[in-house]
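# Breakdown of the fold
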Amino acid sequence: MMATATGVLDGSQVHSVHPLGSKARVLLSSVFGPYARDDEFGSRAINPMELYHNQVTRVQQAFSLRMFHRSWGLMLIQANIDAPCTLLDFPTLDRFVEEITTHRYDIVGIGSIIPNVNKVKKMCELVRTHLPEATIVVGGHVAGLPDLAERIDADHIVRGEGVRWMRRFLGEDEDRPVRHPHVVSGFGTRALGIRLREKRGDVAATVIPSVGCPMGCNFCATSSMFGGKGSFVHFYRTGDELFEVMCELEQAMSVRSFSVMDENFLMYRKRALRLLELMSEHHKSWALYVFSSANVLQSYSMEQLVGLGISWVWMGLEGENADYGKLRGADTRQLVRTLQSHGIRVLGSTIIGLEDHRPETMDAVIRHAVSHDTEFHQFMLYTAVPGTPLHAEFDAAGRLLDSEECPDCDSHGQFRFNFRHPHFRDGEEGHFLLEAFRTDFEVNGPSITRVVRTLLQGWKRYRDHPDSRIRERFVWEVRDLAASYAGALWAARWRFRSNPAVSEKISGVLRDLYREFGLKARLAGPIVGRYLRFTLQREERRLRAGWTYEQPTFRETSAVAVSPTVVT
């Protein structure tokens, strides 16, 4: 679907082609920062633009994984239109004003999530002031707001996939093949108070085979954004097409690992198995980081998963007894243990505040989630995101909170419900959310130590595998264990010295690492560990004092899209 200031149209329609067609000068921009602080435009300190620190390692202090991600959707659009296009990613407000006052643009596209709707409103106002002839296009999850056309001054509000829409609007061939941009999966990565190495090839490339999810869980904003249950949009339908794209990214970016941004990549079995055939035929020792539902994972053999290079799986656990098809018939705890025994790390995702949750049962809910002992664990509040079936259901039942009770900027899944829950009152859901994060950290220890544990399991199982392609991947994955990770374990053991249970877990992993890597690890552990103990303490002092991290601004033109310019 596409909404505009004058009505609602089907996504296959556009009011008209822009008069300049592919000669139109296009600016694409994410919303302005800063982000990790409270301000009048809706930014919140509790909701930084850091996926992992925000939703996964939130309470792990200096052990938290800190990294940023580019605006992949905007990058995909820029790479797939012929019109001259500039991408401004993470500008400040002043930097955005500078861009639209020193350059002339015919089209300004703004991408946003719902909590940042007031920033979108401000940017539209600025464009009207400084580029009054420009056409304003707004897209992303913010387009799910049913009354967005009345709240912002935009010419077009695009719901769903933006590449085809923008091509149509520019009078270009919407059906031509999709060019994949060269995108690293993350940047600015920090942990234990140090900036992690990000040399060329060290960081996975992002690859986007499809968008949407046919599972259609009622709360899923991504599924709803791209058509809902049973719907999705393929950019690369076959294993051959995907393999060709991955080979191009491998060569251009010197990578051997890929973060596969597809809501349920393994569901498209024919494509995945054809990719496996091609990887084997061409001896590709790639590592893939994927999203998958439990029931789909169980449809593959471990031989197939390992052969595909599945190294990380982000898997929805939702909650014990949750009535979602993707969990039906799955013993998720046993599945996690099996995956880990083959070196596959798991990021589990649990929802706090499902319909059957009650304050008196939350201890059991949290214990069940924590018992999975996944490497990372995302906890999110049950949230009725605009555009989803859940939002429509609660709206019809009169259960949604109004904007005074819960502003959009506070409806992000890490603070409070945006609806009236039958069992929780007075914001107590936020207490249980934090308790889930704390319990996972206190029981299972820092995520980094769990990662090492599982890497070692995979290494021991596959280091002598008869297929050299498999052996080579595991050699590459454990390349930093004997030095950097030995020191991280040493520092983590020191940090948890007052928690005997976790300290012993860490000691066990460290002893295992010493046995596998010998003298090098035994020397590096205390040497690197003492340095990391210092950086760990320094980082925690900074964080207690209110230290935050912000992204730099990137400005890229079509001709240099693969060589981003950091301007701040």
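Fair warning: this is a prediction, and the values are worked out from it, not measured in the lab.

Each helix and strand counted, the protein chain has 19 helices and 20 strands in total. The C-alpha radius of gyration of the protein chain comes to 24 Å, within 12% of the 24 Å expected for a compact globule of 568 residues. Restricting to contacts in the protein chain with at least 6 residues of sequence separation, those with at least 24 account for 74%. As displayed, the protein chain offers around 23,100 Å² of accessible surface, 51% of which is attributable to carbon and sulfur atoms.

The subject of this paragraph is the packing of aromatic side chains. Considering all chains together, one arrives at 27 aromatic pairs under this definition. Plain terms: the ring middles of F90 and F554 are 6.5 Å apart, the flat faces sit at 70° to each other, and that makes the pair edge-to-face. Linking F90 in the loop between β5 (85–89) and α3 (93–102) with F554 in strand β19 (residues 554–557), this pair joins segments that are 464 residues apart in sequence. Judged by relative accessible area, which is 7%, F554 ranks as buried.

With parallel pairing, the 6 strands of this open sheet are ordered in space as β11-β14-β15-β16-β17-β18. The sheet is open, and its two edges are formed by β11 (205–207) and β18 (376–381), each paired on a single side. Across this sheet, the average inter-strand angle for adjacent strands is 20°, counted without regard to direction. Relative to strand β15 (residues 287–291), strand β14 (residues 257–260) runs parallel, the two sharing 3 bridges. What sits directly across from F258, in β15, is L288.

This brings us to the pairing of strand β9 (residues 187–191). Here β9 lies mainly inside the structure; 5 of its 5 residues are buried. Here 2 bridges tie strand β4 (residues 66–68) to β9, and the two strands are oriented antiparallel to one another. When the sheet's bridge partners are listed, F68 is paired in β9 with F187. Where β9 meets strand β10 (residues 194–195), 2 bridges bridge the pair, whose relative direction is antiparallel. By the bridge assignment, A191 is partnered in β10 with I194.

With antiparallel pairing, the 3 strands of this open sheet are ordered in space as β4-β9-β10. Looking at which strands have only one partner, the edges of the open sheet turn out to be β4 and β10.

The next subject is unusual backbone geometry. Note: most residues except glycine have negative phi, and most peptide bonds are trans. Here the residue pair G33 and P34 is connected by a cis peptide bond, since its omega of 5° sits within 30 degrees of zero. At Q61, a residue that is not glycine, the phi angle is positive and equals roughly 50°. Relative to the elements of secondary structure, Q61 occurs in the loop between α1 (51–55) and β4. Of note, H283 is a non-glycine position whose phi angle comes to about 55°, a positive value. Summarising the element assignment, H283 is placed in the loop between α9 (269–281) and β15.

The next subject is the nonpolar core. F63, L192, I352, Y382 and L513 are the most contacted members of the largest nonpolar core, which totals 69 residues. For this core, the element with the highest residue contribution is helix α19 (residues 500–544), accounting for 9 residues. Residues in contact with L192, not counting those within four places in the same chain, are A62, F63, I448, A488, A491, L532, T535 and L536. Listed in part, the 66 residues of the second largest apolar core include I81, L242, L249 and L266.

This next bit is on the side chain of R176. Relative to the elements of secondary structure, R176 occurs in the loop between α6 (162–169) and β9. Accessibility expressed as a relative area gives 17% for R176, which makes it buried. One polar contact links the side chain of R176 to the main-chain carbonyl oxygen of N80, over a distance of 3.0 Å. The contact partners of R176, leaving out residues within four places of it in the chain, are N80, I81, D82 and R167.

The next point concerns the pattern of salt bridges. This structure, assessed with the given rule, holds 40 salt bridges. Here E556 ties to R70 by a salt bridge, and the two come within 2.8 Å at their closest N and O atoms. Taken as a pair, E556 in strand β19 and R70 in the loop between β4 and α2 (72–79) lie far apart in primary sequence, 486 residues in all. Assigned by exposure class, E556 and R70 land together as buried. We note a salt bridge from E540 to R495, for which the minimum N-O separation is 3.3 Å.

Next up on the list: the environment of V120. Checked against the element boundaries, V120 lands in helix α4 (residues 117–130). Taking the relative accessible area as the measure of exposure, V120 reaches 0% and is therefore buried. Along the primary structure V120 and L481 are separated by 361 residues, whereas in three dimensions their C-alpha atoms are 44 Å apart. In contact with V120, other than residues within four places in its own chain, are V31, I110, S112, V138 and I152.

Moving on: helix α16 (residues 447–462). For α16, with 16 residues, the first-to-last C-alpha span of 23 Å sits near the 22 Å given by 1.5 Å per residue. The element α16 is largely enclosed, with a buried count of 13 among its 16 residues.

Take a nonpolar patch on the surface next. A cluster of nonpolar residues, L519, L523 and I527, forms a patch on the protein surface that exposes about 330 Å² of accessible area. Structurally, the position occupied by L519 is in helix α19. Judged by relative accessible area, which is 60%, L519 ranks as exposed.

In this section: the packing of α3 against α4. Their axes nearest at 10 Å, the elements α3 and α4 cross at an angle of 30°. If you check the angle between α3 and α4, you find them roughly parallel. Here α3 runs over α4; the crossing is right-handed. Along its contact with α3, which presents L93, F96, V97, I100 and T101, the element α4 presents K122, M123, L126, V127 and H130.

Reading guide: rules and limits
- Residues numbered from 1 in each chain as written.
- Predicted model: local features only at pLDDT ≥ 70, side-chain atom pairs only at ≥ 80, totals over all residues.
- Heavy atoms only, no water.
- Helix = DSSP H or I, 4+ residues; strand = E, 2+ residues; numbered from the N terminus.
- Rg over C-alpha atoms; globule rule 2.2 N^0.38 Å.
- Contact = heavy atoms within 4.5 Å.
- Areas by Shrake-Rupley, 256 points an atom, 1.4 Å probe, with all protein chains shown as cover.
- Phe/Tyr/Trp six-rings, centres within 6.5 Å; stacked < 30°, edge-to-face > 60°.
- Buried < 20%, exposed > 50% of the residue type's maximum accessible area, 1.4 Å probe, protein only.
- Pairing = 2+ DSSP bridges.
- Axes fitted to C-alpha atoms, helices over the stretch in contact; angles between N-to-C directions.
- Core = buried A, V, L, I, M, F, W, Y, C linked by side-chain atoms within 4.5 Å.
- Polar contact = N/O pair within 3.5 Å; in protein donor to acceptor, adjacent residues only side chain to side chain.
- Salt bridge = Lys/Arg side-chain N within 4 Å of Asp/Glu carboxyl O.
- Expected span 1.5 Å × (residues − 1).
- Patch = residues over 30% accessible without salt bridge, like charges linked within 9 Å, V, L, I, M, F, W, Y side chains within 5 Å.
- Parallel < 35°, antiparallel > 145°, perpendicular 65-115°, else oblique.
- Left-handed = near helix turned anticlockwise from the far one by under 90°.

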